[in-house]
Amino acid sequence: MKTLILAEHNSSTLSASVYQAVTAAQSWRNPIEILVVGSNVGTIAQQAASIEGVTRVIQIDAEHLAHQLAEDVAPLIANIANEYSVILAAHGSFSRNILARTAALLDVAMIADVLEIKDNNTYVRAIYAGNILTTVQSTDRIQLLTVHGSSFGTANVQTQIAEINTVTAPAAQHQTRWISETRTLSDRPALSTAKIVISGGRSLGSAETFEQVLSPLATRLGAALGATRAAVDAGYAPNDIQVGQTGVTVAPDLYIAVGVSGAVQHTYGMKDSKVVVAINQDPNAPIFQVADYGLVADLFAVIPELTAAI
């Protein structure tokens, strides 16, 4: 039997998490294939085919698949699922949306956000925002799961290209349709892959202050900006830079938490960072429990000083 990976991409570049998913897939020691779905995704398929360890890429290209709606993609996976013993993807909103529907079609369980893969279809995953690790075993005929990307290494790129097979897409479903999207364009690094991340909390007070205080420091460091859910809910930052259990999971070399209290939902999304720096006026803030370096100070005084010193 084989292992199938659902590839996430933005129509021009393969997500970095796919390379981590390939490493996770090697745990089964089965041939690894990647499914690339979208419109005009030939370049994406080529990128997937160059990942070391991948034996074949399945390319399904159609105009109605441009936005990869779960109602279209899940049946595609279900139709070919019997060829595979394992179907997986890197954990995120993209994979949760599609694979949950796929699991329902196949009548199997979806095991989400796996941190470690053991023998006999046994997995370690976090519950209660990462406070408890639980070990579960699945006896389903098809193992269907999402993996926590930062828990696995990044697969290498090779010069030898794997086989690419193009499959004809079925007709579009008409139950749902894509209406519009709003994207935040920035010259900063992508949050999910940035080596340095600076996140702000609700204590910044406003969207204007959030930008004025953190952006100069982010520019100096070449960092991505992140935010807590409280800051996003208050309208200080866009939803796509939310770090945490219900947002983006990051694992940068350096994570700077500015005015972040340290709720477990937030720390779950950044606890794999190599070095964590916390700046908060409250000496009892929970963020200091996960920080390597902590500074109890007024962020409005410290951040400009730090920016000027760099």
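Residues numbered from 1 in each chain as written. Predicted model: local features only at pLDDT ≥ 70, side-chain atom pairs only at ≥ 80, totals over all residues. Heavy atoms only, no water.

With mixed pairing, nine strands are arranged side by side in an open sheet as 7-6-5-8-4-1-2-3-9. The sheet is open, and its two edges are formed by strand 7 (132–137) and strand 9 (163–167), each paired on a single side. Here the average twist between neighbouring strands, direction ignored, is 35 degrees. In this structure, strand 4 (residues 84–90) lies alongside strand 8 (residues 143–147), joined through five bridges in parallel fashion. Paired with I87 across the bridge in strand 8 is L144. (Pairing = 2+ DSSP bridges. Helix = DSSP H or I, 4+ residues; strand = E, 2+ residues; numbered from the N terminus. Axes fitted to C-alpha atoms, helices over the stretch in contact; angles between N-to-C directions.)

What follows concerns helix 4 (residues 93–106). In this model, helix 4 (14 residues) spans 20 Å end to end at C-alpha, consistent with the 20 Å of a helix rising 1.5 Å per residue. Looking at helix 4, one finds that the buried residues are F94, S95, I98, L99, T102, A103 and L106. Buried residues of helix 4 fall within an arc of 140 degrees about the axis and therefore sit on the same side. Within helix 4, the exposed residues directed more than 90 degrees away from the buried face are S93 and A104. Lining the buried residues of helix 4 we find strand 1 (2–6), helix 3 (70–80), strand 4, strand 5 (110–118) and strand 8. The first or second residue beyond helix 4 is D107, which carries a positive phi of 60 degrees. (Expected span 1.5 Å × (residues − 1). Buried < 20%, exposed > 50% of the residue type's maximum accessible area, 1.4 Å probe, protein only. Arc of directions from axis to C-beta. Contact = heavy atoms within 4.5 Å.)

Sheet architecture is open: five strands sit in the order 11-10-12-13-14, paired in parallel fashion. On the outer flanks of this sheet lie strand 11 (224–227) and strand 14 (293–296), each paired with one strand and no other. If you compare each strand with its neighbour and ignore which way they point, the axes differ by 15 degrees on average. Taken together, the five bridges between strand 10 (residues 196–200) and strand 12 (residues 254–258) define a ladder with parallel strand orientation. Note on strand 12: the bridge partner recorded for G200 is V258. In the packing of helix 5 (residues 207–221) onto the sheet, contacts are made with strand 10, strand 11 and strand 12, and the angle to strand 10 comes to roughly 170 degrees. Seen against the sheet, helix 8 (residues 299–309) touches strand 12, strand 13 (275–280) and strand 14 and runs at an angle of roughly 130 degrees to strand 13.

In this model, the second largest pocket occupies a volume close to 290 Å³. Taken together, the residues that form the lining of the second largest pocket break down as four nonpolar, 13 polar and two charged. (1 Å grid on protein atoms, 1.4 Å probe; cavity = no way out; pocket = protein on both sides within 12 Å on 5 of 7 lines; lining within 4 Å. Points joined across faces, edges and corners; volume = space filled by probe spheres on them. Nonpolar A, V, L, I, M, F, W, Y, C, P; charged D, E, K, R; others polar.)

This part is about the nonpolar core. Among the nonpolar cores identified, the biggest contains 39 residues, and I198, F210, L214, Y255 and I287 are the most heavily contacted of them. Those elements that place two or more of their residues in this core are strand 10, helix 5, strand 11, helix 6 (229–233), strand 12, strand 13 and helix 8. In terms of residue count, helix 5 provides more of this core than any other element does, five residues in total. Those residues in contact with I198 that sit more than four places away from it in its chain are L214, L217, A218, L221, A223, A224, L225, G226, I256 and V258. Within the second largest apolar cluster, 32 residues are counted, among which are V22, A24, I117 and V147. (Core = buried A, V, L, I, M, F, W, Y, C linked by side-chain atoms within 4.5 Å.)

The subject of this paragraph is helix 1 (residues 16–25). Owing to its 3.6 residues per turn, the α-helix aligns residues three or four sequence positions apart on the same side. For helix 1, the buried fraction is high: eight of the 10 residues fall into the buried class. Listed in full, the buried residues belonging to helix 1 are S17, V18, Y19, Q20, A21, V22, A24 and A25.

This model, assessed by the stated rule, comprises eight salt bridges. In this structure, K2 engages E83 in a salt bridge whose closest nitrogen and oxygen atoms are separated by 3.5 Å. With K2 in strand 1 and E83 in the loop between helix 3 and strand 4, this residue pair connects regions lying 81 residues apart in the sequence. The salt bridge involving R101 is made with E71; its shortest N-O contact spans 3.4 Å. (Salt bridge = Lys/Arg side-chain N within 4 Å of Asp/Glu carboxyl O.)

Here V147 shows up in strand 8. Along the primary structure V147 and A301 are separated by 154 residues, whereas in three dimensions their C-alpha atoms are 40 Å apart. If near-sequence neighbours (up to four positions away) are discounted, V147 is found in contact with A21, A24, A89, A90, H91, D113, V114, I117 and F152.

The subject of this paragraph is the environment of S12. Mapped onto the fold, S12 is located in the loop between strand 1 and helix 1. Exposure remark for S12: the relative accessible area of 44% places this residue in the partly exposed category. Along the chain, S12 and I161 lie 149 residues apart, while their C-alpha atoms are 18 Å from each other. Among all residues touching S12, those that are not within four sequence positions of it are T43, I44 and Q47. Of note is the side chain of S12, whose polar atom sits 3.0 Å from the side chain of N10. (Polar contact = N/O pair within 3.5 Å; in protein donor to acceptor, adjacent residues only side chain to side chain.)

The values reported here are purely geometric and, on their own, carry no functional implication.
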